[in-house]
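# Breakdown of the fold
Here's the letter readout for the chains.
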Amino acid sequence: MSEEARLREAICEHGRLLFGRGFSVGSAGNISVRLEDGVLITPTNSCLGRLDPARISKLDAAWRHVGGDRPSKEVFMHRAFLAARPEAGAVVHLHSTHATAIACLAAPGGTAPIPPLTPYFVMRIGRALPVLPYYRPGDPAMEPSIAEAARAARAVLLANHGPVVSGPSLDDAVWAAEELEEAARLALLLHDRGARTLTAAQVDELLHTFG
Ligand code: 13P
């Protein structure tokens, strides 16, 4: 099986698992993966739970549609991340409930809207999680704003919309999106209970040890 065929299957499998856990509903969410000769991205208006490997959209290195169904309208958010982060191999955008709830807060809290409660949140997302202004889904105007934030952050929250998460590989990006959703859920569960967060030294140690 070619690397592209393997990645097509992997996108469908991850989509099925994300949908099965309720991290994506209806036709929400999209996934992209960098190839040697372009990008694979989920088709617009597709259900992540029922993707067909043969119908995943293929874009060439200039982001022109060259195969499969019509690409996600969020192609600009994926391009912003993949262009700004040369080490990123994949991008996952979800409307997962708890991360989106934090993105709907009137004052989400600067570049750290979710406190460092657990090691895996820090290891997968890092220190920064900027909350960007609201853009309508598919608005190309989001691209420069996401690109600027993505140079300093592996993930962002789009106000009133949801998370966009990158990772070195498809597995990494999906796992980071899952950690982000669970961290958001913990933050909301604990917000008025005086939770103990990891200390600055513990966060430093995690990032030093795990990158
Ligand atoms: P697409 O169906 O075009 O991928 O858009 C879904 C979505 O999540 C919009 O933000």
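Residues numbered from 1 in each chain as written. Predicted model: local features only at pLDDT ≥ 70, side-chain atom pairs only at ≥ 80, totals over all residues. Heavy atoms only, no water.

## A short note on helix H7 (residues 200-210)
- Every buried residue of H7 is listed here: Val203, Leu206 and Leu207. End-on view of H7: buried residues confined to an arc of 90 degrees, all on one side of the axis. Away from its buried face by more than 90 degrees, H7 exposes Ala201, Glu205, His208 and Thr209.
- Residues of H7 that are buried sit in contact with helix H4 (119-125).
- Phi for Gly211, located one or two positions after H7, is positive at around 85 degrees. (Buried < 20%, exposed > 50% of the residue type's maximum accessible area, 1.4 Å probe, protein only. Helix = DSSP H or I, 4+ residues; strand = E, 2+ residues; numbered from the N terminus. Arc of directions from axis to C-beta. Contact = heavy atoms within 4.5 Å.)

## Digging into the site of the ligand
- The environment of the ligand is made up of Ser27, Ala28, Gly29, Asn30, Thr44, Asn45, Ser72, Lys73, Glu74, His93, His95 and His161.
- Within the side chain of Thr44, one N or O atom sits 2.6 Å away from an oxygen atom of the ligand.
- Between the ligand and the protein, one listed contact pairs an oxygen atom with a backbone N or O atom of Lys73 at 2.9 Å.
- Here the residues of the shell around the ligand sort into one nonpolar, nine polar and two charged. (Near = heavy atom within 4 Å. Polar contact = N/O pair within 3.5 Å; in protein donor to acceptor, adjacent residues only side chain to side chain. Nonpolar A, V, L, I, M, F, W, Y, C, P; charged D, E, K, R; others polar.)

## Thoughts on the pairing of strand E2 (residues 38-41)
- Alignment of strand E1 (residues 30-35) against E2, held across four bridges, turns out to be antiparallel. What sits directly across from Arg34, in E2, is Val39.
- Between the antiparallel neighbours E1 and E2 lie two residues.
- As defined by bridge partners, E2 adjoins strand E3 (residues 57-60) across four bridges and the pair is classed as antiparallel. Counterpart to Leu40 in the pairing with E3 is Lys58. (Pairing = 2+ DSSP bridges.)

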